[in-house]
Amino acid sequence: MAVLALASPALADTTTLRVCASTKDAPFSDAQGNGFENKIAQVLADEMGATLDLVMLEKDAIYLVRDGIEKDLCDVLIGVDAGDERLLTTQPYYRSGYAFVTRQDRNFEGDKWQDVDQEGFDTFSYRLHSPAETILKYTGRYEYNLIYQASLTNFEDRRNKYTQVEASRVISEVADGGADLAIIFAPEAARYVRDSREPLRMTLITNEIERSDGVIIPLQYSQSVGVSKAHPELLGPIEQALQSGKASIDAILTEEGIPLLPSS
C-alpha cells in the first residue's frame, strides 16, 4: 500500500523580505513608510542582502497577524512583544515601557503609576485599550475623565468596531493644555515629545500593576521581530541581521528619542 508523503511548506524566498506594516500606526509605521519600524525593516533587508517588500495594509496594526501573516501576504512583522504566541519571535532588540508625559512647566514629580493621583492633575489623555485605563480606574480618576477622553474620538460609538486615539493627539493634548498628563507607551510618544514646540517631560513608569485578582499587568515590554510560523527558516537570518545591523537600529531608536531600558 502506497504511503502518500505530506508536502512540506515552500521555503520563503530569502532574496525578498516581505514585511507587513500598517498605514495607520504612526510613529511605528505610516502610509509614506516614514515610521521608525519601516526604517528598521529596511536595515534588516539590507543586512540580509534582500529586497524589502513592505506590504502596507490599510488596517490598524492589531490586524496585521490575521490579515497579513495568516493570509500569506507577508512573512515578518517588526515590533511585536517578545514571546507573542501567534508568531516566532527573535531575541528582543529593544525594551521600553509606559510613561507619563507632562508639560515641563507643570513640574510633575513621580515615576510610579500611583503618582497620577496628584493635586492639580485632573485630566488625562491616553490611547484606548491600554494599561492607562487600569491606572486611572485604580487611582479613582477614570469616571471623572470619561467625557474628556471620549471627546478625543469625537464621541464615536465604540461598539463592534476598533476605535483609537492617535498617539500624536494624545501628546498634543498635553502640549496645548487640554490634558494635564498623558499615559502612553513611550515609543508611541517619543517622536511627538521630541518635536513639540512646548517643552514636554517624559518619565518612564518604574513599577507594574497588580490587579485586585492578583494578575500582574506589566508596564515595560521587550520588542522583537515576529516571523510567520510557516517560515521558521527566516528566523536565523533575521537574528543575524539584528546583530549585524544593531548599530543602525540603535541609531534609529536614538533619533526617535525612545527611552530605552536594559534588555534584561
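Presented here is a report on the structure given in the accompanying data block. (Residues numbered from 1 in each chain as written. Predicted model: local features only at pLDDT ≥ 70, side-chain atom pairs only at ≥ 80, totals over all residues. Heavy atoms only, no water.)

The next point concerns helix 3 (residues 131-138). In terms of burial, helix 3 is largely enclosed, as six of its eight residues are buried. Taken together, the buried positions of helix 3 are Pro131, Ala132, Glu133, Thr134, Ile135 and Leu136. (Buried < 20%, exposed > 50% of the residue type's maximum accessible area, 1.4 Å probe, protein only. Helix = DSSP H or I, 4+ residues; strand = E, 2+ residues; numbered from the N terminus.)

All right, on to the packing of aromatic side chains then. Overall, the coordinates contain nine aromatic pairs when judged by the stated rule. Taken together, a centroid distance of 5.5 Å and an interplanar angle of 40° make the contact between Tyr98 and Phe185 tilted. Linking Tyr98 in strand 7 (residues 94-103) with Phe185 in strand 9 (residues 181-185), this pair joins segments that are 87 residues apart in sequence. Arranged with centres 6.3 Å apart and planes meeting at 70°, the rings of Tyr98 and Tyr221 form a pair that is edge-to-face. Of the two residues, Tyr98 sits in strand 7 while Tyr221 sits in strand 13 (residues 220-227), which places them 123 residues apart along the sequence. By relative accessible area, which is 11% here, Tyr98 ends up buried. Following the ring pairs from residue to residue traces out a cluster consisting of Tyr98, Phe185 and Tyr221. Over the ring of Phe121 we find Arg106, and its NZ or CZ is 4.5 Å from the ring centre. (Phe/Tyr/Trp six-rings, centres within 6.5 Å; stacked < 30°, edge-to-face > 60°. Lys NZ or Arg CZ within 6 Å of the ring centre and 35° of its normal.)

To continue, consider the side chain of Ser125. Tracing the chain through its elements places Ser125 in strand 8 (residues 124-126). Look at Ser125 and you get buried, because its relative accessible area is 0%. There is a polar contact of 2.9 Å between the side chain of Ser125 and the backbone oxygen of Val170. Ignoring anything within four residues of it in the chain, the contact list for Ser125 reads Tyr148, Gln149, Leu152, Val170, Glu173, Val174, Ala179, Leu181, Ala182 and Ile183. (Polar contact = N/O pair within 3.5 Å; in protein donor to acceptor, adjacent residues only side chain to side chain. Contact = heavy atoms within 4.5 Å.)

With respect to the secondary-structure elements, Gln32 resides in the loop between strand 3 (29-30) and helix 1 (36-48). Given the relative accessible area of 60%, Gln32 is considered exposed. Between the C-alpha atom of Gln32 and that of Glu173, which follows or precedes it by 141 residues, the distance is 25 Å.

Our next topic: the packing of helix 1 against helix 8 (residues 246-256). One way to put it is that helix 1 packs onto helix 8 with a least axis distance of 10 Å and a crossing angle of 170°. Judged by the inter-axis angle, helix 1 sits roughly antiparallel to helix 8. Two packed elements cross with a definite hand, and for helix 1 against helix 8 that hand is right-handed. Across from Phe36, Lys39, Ile40, Val43 and Leu44 in helix 1, the residues of helix 8 making contact are Ser248, Ile249, Ile252, Leu253 and Glu256. Taken together, the residues that form the contact of helix 1 with helix 8 break down as seven nonpolar, one polar and two charged. (Axes fitted to C-alpha atoms, helices over the stretch in contact; angles between N-to-C directions. Parallel < 35°, antiparallel > 145°, perpendicular 65-115°, else oblique. Left-handed = near helix turned anticlockwise from the far one by under 90°. Nonpolar A, V, L, I, M, F, W, Y, C, P; charged D, E, K, R; others polar.)

Within helix 6 (residues 186-195), eight of the 10 residues are buried, leaving the element largely enclosed by the surrounding structure. Looking only at helix 6, the buried set comprises Ala186, Pro187, Glu188, Ala189, Ala190, Arg191, Tyr192 and Val193. Where helix 6 is buried, its residues contact helix 1, strand 7, helix 5 (167-175), strand 9, strand 10 (200-204) and helix 8.

So yeah, pure geometry; function would need other evidence.
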